[in-house]
Amino acid sequence: MSDMELPESWKCALAGEFDKPYMAALKAFLQSERACGKTIFPKEDEIFRALDLTPPQDVRVIILGQDPYHGDDQAHGLAFSVNNGVRVPPSLKNIYKEITRDLGIPPPVHGFLEGWAKQGVLLLNTVLTVERSLAASHKGKGWEQFTDAIISHINKSKDPVVFMLWGSHAQKKAAYVDRDKHLALTAPHPSPLSAHRGFLGCGHFTKANDFLTKSGQVPINWSL
């Protein structure tokens, strides 16, 4: 893992992060985990997939997740997304429920969200790797500082951006968002454990598109 694996469009924004001590420690940790035979998700060439699909100048919406799915064949580098053919996870089912309630769009039968990413929706987890079957196993290893740098860079964007911050982990990133310029939407996490506490009914998808339209940008087509 090196800055050379970052998409060209993000190198200027983030390459300096790879010279910092926390990144050296993170690299060493990941190398050690793999050397011990542990399975790390997503695959190494998909860790920066969200950045690859959504260049910084194209970001219109950021949806922040916590860490990658830790089950086999699930994580592929986009928050909340799974590849075609993989069962739609419960949190994503609740996201689809809210889109249907909010916009009247029927839920898709798959969980593949690249269609959003290619429209400028940055599907970013706060932590970019996880050990198989161990949720939050790479928390506190350095990824949070890296994703803070991503949020800080987007915050400097010349165009207003919508930040969808669901759950306490994502909402910590609000400290990096200029709310006078950007729209920060907060709600409980869409997990089945918390979605009924205010995620379902939040109306974030309509609010996001209304904000984009008012700021002279093209709204997101949330159907997949």
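Draft legend 1. Layout of the overall build of the protein chain. Per the secondary structure count, the protein chain includes eight helices and six strands. For the protein chain, the sequential pattern of α-helices and β-strands runs α-α-β-α-β-α-α-β-β-α-β-α-β-α. For 224 residues, the compact-globule estimate of 2.2 N^0.38 gives 17 Å, and the C-alpha radius of gyration of the protein chain, at 17 Å, lies within 12% of that figure. Principal-axis analysis of the C-alpha atoms places the extent of the protein chain at approximately 50 × 40 × 25 Å. Taking all 224 residues of the protein chain together, 54% fall into the buried category.

Draft legend 2. Focus on the sheet that holds strand β5 (residues 162-166). With parallel pairing, the four strands of this open sheet are ordered in space as β3-β2-β5-β6. Of all strands in the sheet, those with a lone pairing partner are β3 (121-125) and β6 (183-187), marking the two edges. Within the sheet, the average angular offset between the axes of one strand and its neighbour, ignoring direction, is 20°. One ladder, built from five bridges, connects β5 with β6; its direction is parallel.

Draft legend 3. Seen up close, the pairing of β5. Burial analysis of β5 places five of its five residues in the buried class, which makes it a mostly covered element. Burial along β5 is two-sided: V162, M164 and W166 facing one way and F163 and L165 facing the other are all buried. Relative to β5, strand β2 (residues 61-65) runs parallel, the two sharing four bridges. Its bridge partner lying in β5, V61 is registered against V162.

The rules behind each value
Residues numbered from 1 in each chain as written. Predicted model: local features only at pLDDT ≥ 70, side-chain atom pairs only at ≥ 80, totals over all residues. Heavy atoms only, no water. Helix = DSSP H or I, 4+ residues; strand = E, 2+ residues; numbered from the N terminus. Rg over C-alpha atoms; globule rule 2.2 N^0.38 Å. Buried < 20%, exposed > 50% of the residue type's maximum accessible area, 1.4 Å probe, protein only. Pairing = 2+ DSSP bridges. Axes fitted to C-alpha atoms, helices over the stretch in contact; angles between N-to-C directions.

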